[in-house]
There are 2 protein chains.
Amino acid sequence: MELLKEKIRTEGIVLSEQVLKVDAFLNHQIDPRLMQQIGHAFAERFRDQGITKIVTIEASGIAPAVMAGLELGVPVIFARKYQSLTLRENLYISKVFSFTKQTESTIAISAKHLHANDHVLVIDDFLANGHAAKALLDLIGQAGASVAGLGIVIEKSFQEGRSLLENEGYRVESLARVKSLKDGKVTFVD
Amino acid sequence: MELLKEKIRTEGIVLSEQVLKVDAFLNHQIDPRLMQQIGHAFAERFRDQGITKIVTIEASGIAPAVMAGLELGVPVIFARKYQSLTLRENLYISKVFSFTKQTESTIAISAKHLHANDHVLVIDDFLANGHAAKALLDLIGQAGASVAGLGIVIEKSFQEGRSLLENEGYRVESLARVKSLKDGKVTFVD
């Protein structure tokens, strides 16, 4: 998605060879028009797949997921961080290890909103080592639902997330694939 | 907003005389089409006010805020919970006491994205005692920006949030105003 790559080039900040900061349009400030176009791009890729629900994770996955849900005409569920929940019964629960923060957190989805007959599109802002994606897939598996694939806004292709997911048979559609963050510069996969 | 009230009546769950749970379409599962209509309703109320930015708080404020931002053509900033931040410099910081959870949390906005010449619409999912709204207003004040008003999806009118904000001169626009949650039933302000 050329517009997204252009945004990353002009407004992304390379913090290290591992970390790309996109607080200007995705992770803190959000560009709603760009989110609409991202939602459209995901919808195009998964339109005829019989999706019944989108699953994402709070907070940065919500904007792209809701825009995709709007276009596909399906509800969005955002997995919640366990400590932000007021009710703690009847939940699917999984753990995510954050490499950036070196902490483990627990995420949850209410069993009430995800069912065995759902066919799910997973959407997230970043794919790096695949930990968050695998935790979401674990929650979906607990519900007995099936997975159409994963829609990722920015993939760090130099990390192992994509290959881990593809090895397990999942379809991964990333709108921008970052090949390297060397020398303070973003290079994309062709 | 009649459609929203109908959703609350049919899918909202009254947990106590104080607590209304709307996990079915706003706080956990999100109805994207309803969010679009909510965004439209906020845009209608604030269209000619010279808004330059929308400020909300993660996570449940994001969907309605992004839809309003799309229609008003302005960026959205979501205040982040401090523990979720990777960078902690150059921030405006404020504290929010959560009555529901009986805990205090710290929220922040990067000084890079909010400026003295911004004219801000604050959007949030709920207005109860006004603690979250006041923390957001505090952050906006630290930036020296001005406030056009607050757009609230669901107001619990039996709590003091609205009067606190109006007493300080803020315009409050709530799309559904809940008068009472007595006897397990939602009653709206006329």
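Chain A has the name Xanthine phosphoribosyltransferase in an unreviewed UniProt entry, where Pseudomonas kuykendallii is given as its organism. Regarding chain A, the UniProt comment filed under Sequence similarities (unreviewed entry) reads as follows: "Belongs to the purine/pyrimidine phosphoribosyltransferase family. Xpt subfamily."

Things to note about the environment of A:Lys134
All names here are of chain A. With respect to the helices and strands, lysine 134 occurs in helix α4 (residues 131-143). Separated by 118 residues in sequence, lysine 134 and serine 16 have C-alpha atoms that sit 25 Å apart. If we ignore the near neighbours within four places in the chain, the residues touching lysine 134 are Leu165 and Glu168.

As for the pairing of strand β4 (residues 53-57) of chain A
All names here are of chain A. With 5 of 5 residues buried, β4 lies mostly within the body of the structure. Of the two faces of β4, both are covered, the one formed by Lys53, Val55 and Ile57 as well as the one formed by Ile54 and Thr56. Pairing between β4 and strand β8 (residues 119-127): 3 bridges, direction parallel. From the neighbouring strand, isoleucine 54 faces β8, where its bridge partner is leucine 121. Where β4 and strand β5 (residues 76-81) come together, 4 bridges link them in parallel fashion. Bridged to isoleucine 54 within β5 is valine 76. Chirality of the crossover, the property in question, places the unit of β4, helix α3 (residues 62-72) and β5 among those that are right-handed.

Things to note about the pattern of salt bridges
Two side chains bearing opposite charge may form a pair once their charged atoms approach each other closely. Residue and element names in this part refer to chain A. In the structure shown here, the tally under the stated rule is 30 salt bridges over all chains. Linking lysine 134 and glutamate 168 is a salt bridge whose minimum nitrogen-to-oxygen distance equals 2.5 Å. In this pair, lysine 134 is assigned in helix α4 and glutamate 168 in the loop between α5 (161-167) and β10 (172-180), connecting sequence segments 34 residues apart. You can call lysine 134 partly exposed: its relative accessible area is 32%. Between glutamate 155 and arginine 177 there is a salt bridge whose closest N-O contact spans 3.0 Å. Linking glutamate 155 in strand β9 (residues 146-156) with arginine 177 in strand β10, this pair joins segments that are 22 residues apart in sequence. The class of glutamate 155 is buried, set by a relative accessible area of 1%. One network of salt bridges, in which partners are shared, links Glu155, Arg162, Glu166 and Arg177.

Overview of the relation of the copies chain B and chain A
For these two chain copies, the linking operation is a rotation about an axis paired with a shift along it. Relative to chain A, chain B is turned by 180 degrees and slid 0.0 Å along the rotation axis, the superposed coordinates differing by an RMSD of 0.0 Å. As the rotation angle and translation indicate, the two copies are arranged about a two-fold axis. Judged by C-alpha distance, B:Ala59 is the residue of chain B that lies nearest the rotation axis, at 2.6 Å. Comparing interface residues between copies, 100% of those in chain B also lie at the interface in chain A; the contact surface is shared.

Section: the side chain of B:His113
Secondary-structure assignment places B:His113 in the loop between β7 (103-110) and β8 (119-127). Looking at B:His113, the relative accessible area reads 8%, which means it is buried. What B:His113 contacts, discounting residues up to four positions off in sequence, is A:Asp23, A:Ala24, A:His28, A:Gln29, B:Lys53, B:Ile77 and B:Asp118.

Here's the deal with the UniProt feature "binding site: 5-phospho-alpha-D-ribose 1-diphosphate" (unreviewed entry) in chain A
Residues and elements named next belong to chain A. Under the UniProt annotation, the feature "binding site: 5-phospho-alpha-D-ribose 1-diphosphate" (unreviewed entry) is placed at Ala128, Asn129, Gly130, His131 and Ala132. Considering the arrangement of structural elements, one finds alanine 128 in the loop between β8 and α4. Ignoring any residue separated from it by four or fewer positions in sequence, one finds alanine 128 in contact with Lys156, Gln159, Glu160 and Gly161. Structurally, asparagine 129 is set in the loop between β8 and α4. You can call asparagine 129 buried: its relative accessible area is 10%.

Quick notes on the interface of chain B and chain A
Between chain B and chain A, the contact holds 41 residues from the first and 41 residues from the second. Between chain B and chain A, a total of about 3200 Å² is buried, with carbon and sulfur atoms accounting for 67% of that surface. The largest per-residue losses of area from chain B upon contact with chain A belong to B:His28, B:Gln29 and B:Leu70, which jointly make up 20% of the total buried on that side. The interface formed by chain B and chain A holds 0 salt bridges in total. There are 10 residue pairs in polar contact (both at pLDDT 80 or more) connecting chain B and chain A. Every element with two or more residues in the side of chain B that touches chain A is listed here: β3 (29-30), α2 (32-46), α3 (62-72), β5 (76-81) and β7 of chain B. The biggest single contributor to the side of chain B that touches chain A is α3(B), with 6 residues. A breakdown of the residues in the side of chain B that touches chain A according to their chemical character gives 21 nonpolar, 12 polar and 8 charged. Relative to β5(B), strand β3 (residues 29-30) of chain A runs antiparallel, the two sharing 2 bridges.

Brief notes about the side chain of A:Lys53
For A:Lys53, the position within the fold is in strand β4. Given the relative accessible area of 8%, A:Lys53 is considered buried.

Focus on the environment of A:Thr56
Residue and element names in this part refer to chain A. Inspection of the secondary structure puts threonine 56 in strand β4. Its relative accessible area of 0% is what places threonine 56 among the buried residues. Apart from residues no more than four positions distant in its own chain, threonine 56 is found in contact with Gly61, Ile62, Ala65, Val76, Ile77, Phe78, Ala79, Ile123, Asp124 and Leu136. Within the structure, the side chain of threonine 56 is placed 3.5 Å from the backbone oxygen of glycine 61, a separation counted as a polar contact.

How each quantity is defined
Residues numbered from 1 in each chain as written. Chains lettered and ligands numbered in written order. Predicted model: local features only at pLDDT ≥ 70, side-chain atom pairs only at ≥ 80, totals over all residues. Heavy atoms only, no water. UniProt positions renumbered as here; feature names shortened; annotations may be inferred. Helix = DSSP H or I, 4+ residues; strand = E, 2+ residues; numbered from the N terminus. Contact = heavy atoms within 4.5 Å. Buried < 20%, exposed > 50% of the residue type's maximum accessible area, 1.4 Å probe, protein only. Pairing = 2+ DSSP bridges. Right-handed = clockwise from strand over helix to strand, strands pointing away. Salt bridge = Lys/Arg side-chain N within 4 Å of Asp/Glu carboxyl O. Least-squares fit on C-alpha atoms with pLDDT ≥ 70 in both. Buried area = accessible area lost by both parts, 1.4 Å probe. Polar contact = N/O pair within 3.5 Å; in protein donor to acceptor, adjacent residues only side chain to side chain. Nonpolar A, V, L, I, M, F, W, Y, C, P; charged D, E, K, R; others polar.

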